[in-house]
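Chain by chain, the residues:
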Amino acid sequence: MNDNDAGMIDVALVREQTTRVRDLSGFRKGHQVPAEASDRASAFVARIAAADLSRDLDEHFAQFRRQFRFRRTELQVSDPENGAARISTPWFDYRVSVTLDSTKTSQAIWRRQVSEFRSPEQLFSGEFASVFGQSFDTVEFTPPAMIDLEAFIDHVEDRDDNSLTIEYDRRSTWCELSIDEIPARMVVRSDLVSLIARQPQIPAQLLESFLAMRKRLKGIECF
């Protein structure tokens, strides 16, 4: 495993998209769009999204078999439950969920994620690009320990790098970094680092942006 492969083990490729609650296939005449966020409203959205989630699983199951040539015994499928579903493969886990948007309850949030990479080199393969295309716009990295954001910000500013821009709030609860030549921004919180591309990209391009940003920040805590 090379250094790039090792750096991919703890990341997740992610994209979140919104849809109207009434556009979920389980929404029927007589149903009402939630007026406020609650456990009951969340359970309702999970229930009416079950058929959509099953259809998504069917499509990805077929693609995984066709492109990666996985055998039936190599694919473990968890059917929709509480608005979430999963396919575990020998190389990675694919997760998909539909949840109520708590800030705008007429909407539901689709989240698709690939993580738990057991064969990181496959992330850069043509087969992986064929299956997922431009499905993702975010790389999420969970640091091994909580990040001291004040120290992190100070380290970045001490570099005095004119090509690197950093923004943060006055309480140092988050910071956002951008580098001129990298088409993405990185949002850092104490428990999560997210590289967000300007638009969805094929996995290899997205991961290369993450690795380039990580290389520029080498030596700073959590990188």
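In what follows, the structure referred to is the one given above.
Attention here is on the structure that accompanies the text.

Details of the nonpolar core
Among soluble globular proteins, nonpolar side chains are generally buried collectively. Ranked by size, the top nonpolar core spans 58 residues in total, and within it Leu13, Phe64, Phe92, Phe128, Phe132, Leu177 and Val188 carry the most contacts. Residues contacting Phe132, with those up to four places away along its chain left out, are His60, Phe64, Phe92, Tyr94, Val114 and Pro203.

Topic: the pairing of strand E9 (residues 184–189)
The sheet contact formed by strand E8 (residues 175–179) and E9 spans four bridges and is antiparallel. In the sheet register, Cys175 faces E9, and the bridge partner there is Val188. The antiparallel pairing of E8 with E9 creates a hairpin that spans four residues between the two strands. Pairing of E9 with strand E10 (residues 192–201) involves six bridges; the strand directions are antiparallel. Looking across to E10, one finds that Ala184 is bridged to Ala197.

Some thoughts on the sheet that holds E9
Pairing between the strands of a sheet comes from backbone hydrogen bonds, and it takes one of two forms, parallel or antiparallel. The strand order E2-E3-E4-E5-E1-E6-E10-E9-E8-E7 describes an open sheet built from 10 strands, whose pairing is antiparallel. A strand with exactly one partner marks an edge of an open sheet, and here the two such strands are strand E2 (76–81) and strand E7 (164–168). Direction aside, the axes of adjacent strands within the sheet are offset by 20 degrees on average. In this sheet, E10 lies alongside strand E6 (residues 136–141) in antiparallel orientation, the contact comprising five bridges.

Criteria and thresholds
Residues numbered from 1 in each chain as written. Predicted model: local features only at pLDDT ≥ 70, side-chain atom pairs only at ≥ 80, totals over all residues. Heavy atoms only, no water. Core = buried A, V, L, I, M, F, W, Y, C linked by side-chain atoms within 4.5 Å. Buried < 20%, exposed > 50% of the residue type's maximum accessible area, 1.4 Å probe, protein only. Contact = heavy atoms within 4.5 Å. Pairing = 2+ DSSP bridges. Helix = DSSP H or I, 4+ residues; strand = E, 2+ residues; numbered from the N terminus. Axes fitted to C-alpha atoms, helices over the stretch in contact; angles between N-to-C directions.

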